[in-house]
Structures are given as structure tokens and as C-alpha cells.
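One-letter residues, chain by chain:
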Amino acid sequence: MIAIFGGGSWATAIAKILLENNSEICWYMRRDDRISDFQRTGYNPAYLSSVYFDVKCIHFSSDINQVAERCDTLFFAMPSPYLKGHLQKLTASLQQKEVVIAIKGIVPDENVTISEYFQRVYQVPKENIAVMSGPSHAEEVAMSRPTFLTIGSTNTTLAENVAKLLSSKYIKTIVSNDLTGIEYAGVLKNVYAIAAGICHGLKLGDNFLAVLVTNAARELNHFLQTAEPTQRDINNSVYTGDLLVTCYSNFSRNRVFGTMIGQGYRVLSAQTEMQMIVEGYYATKCMNEICEAHHVEMPILQTVHRILYENHSPSAEIKRLAAMMK
């Protein structure tokens with residue numbers, strides 16, 4: 001049995017995909033009122049409400065241990081800043097489970113990837129973990145638009161099995177063994193999307209944005225080859241493709257957040273008005289600390305950190321960054 005943990009837009013999109021290939025799933029949501037509304041209406045009352053489900057095929061529960069114990073393949077799609085809080089009540093053993101990570105973030109305060117966190121805290125063997133990523137806005141999955149997902153795992157068999165669970169007429173799946181690289185790429189692209197949004201808010205134009213994104217791809221590759229050196233093609237969709245869609249798409253909440261910062265919003269005001277989790281905001285602090293530990297120079301990341309966490313002027317910081325780009 002397959003389980004989904006999380007009640008947001010990406011969890012809802014994953015449920016839509018999985019139910020096209022599977023007759024039933026379990027779905028953990030924290031709030032009983034959301035479950036009740038979902039069962040009554042046939043759609044998620046809070047996210048992607050245009051997607052209707054046959055609720056007879058879904059075993060809902062607000063008991064995280066009940067769902068974890070019942071199922072063998074567990075998809076986690078919770079916001080990374082709240083992961084530890086969501087999992088506080090999880091006492092069921094995950095050592096024999098297949099864990100699929102659909103979270104593009106770092107665990108705050110721990111400064112580790114989600115896969116590392118599951119290995120350390122829940123003793124999940126690395127070969128039992130897969131990560132799914134790629135250019136994949138939930139809103140477009142909801143509309144059944146063509147989407148490419150990459151499944152990364154050190155266990156090729158696991159990656160291929162997860163890929164089969166997700167493949168459909170509009171979902172093309174790709175298998176990779178770059179588990180950690182894919183995770184870090186999914187984290188950093190959110191930071192770069194904030195930078196792109198700041199530039200958009202400052203009205204610097206498409207020409208400048210193209211140079212920024214080109215430099216972001218180079219910076220991303222530099223970090224990956226330092227932190228997790230291996231043979232990878234940075235031009236693959238899971239790396240550059242995800243970077244491009246997050247930097248350019250109006251569906252990107254990180255880009256929207258950055259645009260508001262570039263327009264003069266304070267961080268708290270922008271977060272309050274958006275009323276959505278901006279993964280890149282939290283990732284900026286974590287990745288800045290990780291890069292300092294690895295002694296990696298990351299000019300774009302460091303620029304975003306100074307703007308968001310040190311209250312530096314967006315226009316002055318982007319001007320300084322521009323002088324370093326090529």
C-alpha cells in the first residue's frame with residue numbers, strides 16, 4: 001500500500017498522479033476538519049480545489065503512525081521548515097519502509113538534507129530512500145500538462161519501481177543515482193528563484209535575468225561538485241530545467257516572494273501577504289551556513305542572504321552582484 005504524508009498542493013498533485021496507476025492509497029493529513037471537508041466535497045478544500053477525487057479510493061487518517069505502519073511505500077510531501085514538527089508523533093519503525101522524498105528543502109537547525117534526516121533520526125537505510133524532483137509545478141500537474149519527473153536513488157531497483165508508480169500519459173519519469181545532488185539542486189533553485197524575483201521587482205529586465213540564471217546554473221554546479229562530486233550533466237531537466245521553471249514561472253512562490261522584496265516589501269510583510277510557505281527563504285539561511293562549512297564561494301546565495309537576513313538594500317546588493325557576473 002502507498003501512503004502520502006502532507007496536505008498541501010504538491011501532496012495533492014502526487015495523489016492525483018498515484019491514483020491514475022493505483023486503485024487505492026492512504027493519505028495522512030494533520031487536520032481532521034480538512035479530512036472531513038475533503039471526504040464531503042471530493043476535493044482538497046485548501047489546495048488545488050479544481051482536482052476531484054474518488055474519495056472511496058483514499059483511506060484518510062490524521063494518525064501518522066497508523067498510516068506509516070499500514071503502508072510500505074511512503075511519499076513525504078510536507079514543507080521542510082515544518083517537517084520536524086509534523087513528524088514529532090511518528091514512532092512507527094521506518095527501517096523496512098520505502099521512503100520517497102517529495103520535499104525540496106533543508107531541515108532547519110539541522111542543516112541536513114531530508115534523506116540524511118530520515119537516515120539519522122529514523123534509521124532508514126540509504127538504499128530504501130528515493131527523491132522525486134524536476135520542473136513540476138503542482139498547478140500544472142493538476143491540469144495534466146506534460147511533466148518530467150526524475151527519481152533519484154542509490155538503489156536503481158527502487159528508483160525504477162517508484163518511476164513506474166508515477167508514470168502516466170502526461171508524466172514522464174527519468175531514473176538517476178544522484179540522490180544527494182538532486183536534493184541540493186531542489187533546495188538551491190528556490191534560493192535562485194528569489195534572486196530572480198528580486199531582479200524582476202527591481203525592473204532590471206529580461207536581459208539581466210538571463211545572465212543571472214546562467215550564473216546561477218554555474219554556481220549550482222560548483223556547489224554540487226564540491227559537496228557531492230560525481231559525474232552528472234547539469235543540463236538535465238532535474239537540475240537546469242527545475243532552475244529555469246522556478247526562476248521564470250508565475251506559479252513559483254519563491255519568485256513571487258523575491259519580486260515583492262525587490263518592490264520594497266519587508267520580509268515579514270511579504271510572507272504575511274503571501275500566506276504560503278516560501279521554502280527558499282529558509283533554505284537561504286541553511287545553505288549559507290552549509291556553504292560556509294564547505295568553504296564554497298556562492299555569490300548569488302550570499303547576496304540573497306544579505307538581503308533577507310541582514311537587511312541590506314536589494315538594489316545595492318544586486319548592483320554589487322552584477323559586477324561579479326559574467
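Above this text is the structure in question.
Residues numbered from 1 in each chain as written. Predicted model: local features only at pLDDT ≥ 70, side-chain atom pairs only at ≥ 80, totals over all residues. Heavy atoms only, no water.

Undergrad: Go over the packing of helix α11 (residues 253-262) against helix α12 (residues 267-274) with me, naming the residues and quoting the values.
TA: Where α11 contacts α12, the two axes come as close as 9 Å, and the packing angle between them is 135°. For the element pair α11 / α12, the angle class is oblique. Note on packing geometry: the crossing formed by α11 with α12 is right-handed. Along its contact with α11, which presents R253, V256, F257, M260 and I261, the element α12 presents V267, A270, Q271, E273 and M274. Residue composition of the contact of α11 with α12, grouped by class: 7 nonpolar, 1 polar and 2 charged. (Axes fitted to C-alpha atoms, helices over the stretch in contact; angles between N-to-C directions. Helix = DSSP H or I, 4+ residues; strand = E, 2+ residues; numbered from the N terminus. Parallel < 35°, antiparallel > 145°, perpendicular 65-115°, else oblique. Left-handed = near helix turned anticlockwise from the far one by under 90°. Contact = heavy atoms within 4.5 Å. Nonpolar A, V, L, I, M, F, W, Y, C, P; charged D, E, K, R; others polar.)

Undergrad: Let's hear about the side chain of K189: which residues, and what values?
TA: You can see K189 is positioned in helix α8 (residues 179-201). By relative accessible area, K189 is classed as buried at 7%. Ignoring sequence-local partners within four residues, the contact set of K189 consists of K104, D242, L243 and T246. (Buried < 20%, exposed > 50% of the residue type's maximum accessible area, 1.4 Å probe, protein only.)

Undergrad: Outline the pattern of salt bridges, supporting the account with residue identities and numerical values.
TA: Under the definition given, this model contains 12 salt bridges. R40 is the salt-bridge partner of D37, the closest N and O atoms lying 3.1 Å from each other. You can see D37 and its partner R40 sitting in helix α2 (residues 32-41), 3 residues apart, about one turn around the helix. Classification of R40 as exposed rests on a relative accessible area of 61%. Put simply, K104, K189 and D242 are held in one network by salt bridges that share partners. (Salt bridge = Lys/Arg side-chain N within 4 Å of Asp/Glu carboxyl O.)

Undergrad: So what's going on with the packing of aromatic side chains? Which residues, and what values?
TA: Within the structure shown, the criterion is met by 15 aromatic pairs. Taking 6.4 Å as the distance between ring centres and 70° as the angle between the ring planes, the aromatic pair formed by Y117 and Y122 counts as edge-to-face. Across the pair, exposure class does not vary: Y117 and Y122 are buried alike. Among the aromatic residues, those joined into a cluster by ring pairs are F5, Y28, F76, Y117, F118 and Y122. (Phe/Tyr/Trp six-rings, centres within 6.5 Å; stacked < 30°, edge-to-face > 60°.)

Undergrad: Describe empty space enclosed by the protein, listing the residues and the values that go with them.
TA: Per the counting criterion, the structure on display carries 1 cavity of 30 Å³ or more. In this structure, the largest cavity spans a volume of roughly 40 Å³. Contributing to the lining of the largest cavity are I103, K104, V131, M132, S133, I182, E183 and G186. Those elements that provide at least two residues to the lining of the largest cavity are β8 (129-133) and α8. Class assignment of the residues belonging to the lining of the largest cavity gives a composition of 4 nonpolar, 2 polar and 2 charged. (1 Å grid on protein atoms, 1.4 Å probe; cavity = no way out; pocket = protein on both sides within 12 Å on 5 of 7 lines; lining within 4 Å. Points joined across faces, edges and corners; volume = space filled by probe spheres on them.)

Undergrad: Can you explain the layout of surface pockets? Please cite residues and give values.
TA: When its volume is computed, the largest pocket comes out at roughly 970 Å³. Lining the largest pocket are 39 residues, with G8, S9, W10, P79 and R253 positioned closest to its centre. Listed by contribution, the elements that provide at least two residues to the lining of the largest pocket are α1 (9-18), α6 (138-142), α8, α10 (237-248) and α11. Sorting elements by how many residues they give to the lining of the largest pocket places α10 first, with 3 residues. Grouping the constituent residues of the lining of the largest pocket by class yields 16 nonpolar, 14 polar and 9 charged.

Undergrad: Residues and numbers for helix α13 (residues 279-294), please.
TA: Taking 1.5 Å per residue as the helical rise, α13 with its 16 residues ought to reach 22 Å, and the 22 Å between its terminal C-alpha atoms agrees with that figure. Restricting attention to buried positions, one finds in α13 the residues E279, G280, Y281, A283, T284, C286, M287, N288, I290 and C291. On its buried face, α13 is in contact with β6 (106-107), α8, α9 (205-227), α11, α12 and α14 (299-309). Remark: H295 follows α13 within two positions and exhibits a positive phi of approximately 60°. (Expected span 1.5 Å × (residues − 1).)

Undergrad: I'd love a proper account of unusual backbone geometry, names of residues and values included.
TA: Although it is not a glycine, N111 adopts a positive phi angle of roughly 55°. Locating N111 in the fold gives a position in the loop between β6 and β7 (112-113). Phi is positive for N311, close to 60°, though the residue is something other than glycine. For N311, the location among the structural elements is in the loop between α14 and α15 (314-322). Residue N311 is classed as exposed on the basis of its relative accessible area, which comes to 52%.

Undergrad: Provide a residue-level description of the packing of α9 against α10, including the pertinent values.
TA: One way to put it is that α9 packs onto α10 with a least axis distance of 11 Å and a crossing angle of 140°. Taken together, the axis directions place α9 and α10 in an arrangement best described as oblique. In this structure, α9 meets α10 at a crossing whose hand is right-handed. Between α9 and α10, the contacting residues are L209, A210, V213, A216, A217 and L224 on the first element and Y239, L243, L244, C247 and Y248 on the second. Taken together, the residues of the contact of α9 with α10 sort by class into 11 nonpolar, no polar and no charged.

Undergrad: Requested: an account of the nonpolar core, with residues and values cited.
TA: Membership of the largest hydrophobic core comes to 81 residues, with the highest contact counts inside it found for F5, L87, F118, F223 and F257. The contacts of F257, once residues within four sequence positions are left out, are I194, V267, A270, Q271, M274, V278, Y281 and L308. Counting residues in each nonpolar core, the second largest holds 38 residues, with I58, A77, A102 and V141 among its members. (Core = buried A, V, L, I, M, F, W, Y, C linked by side-chain atoms within 4.5 Å.)

In short, shape yes, function no, at least from these values alone.
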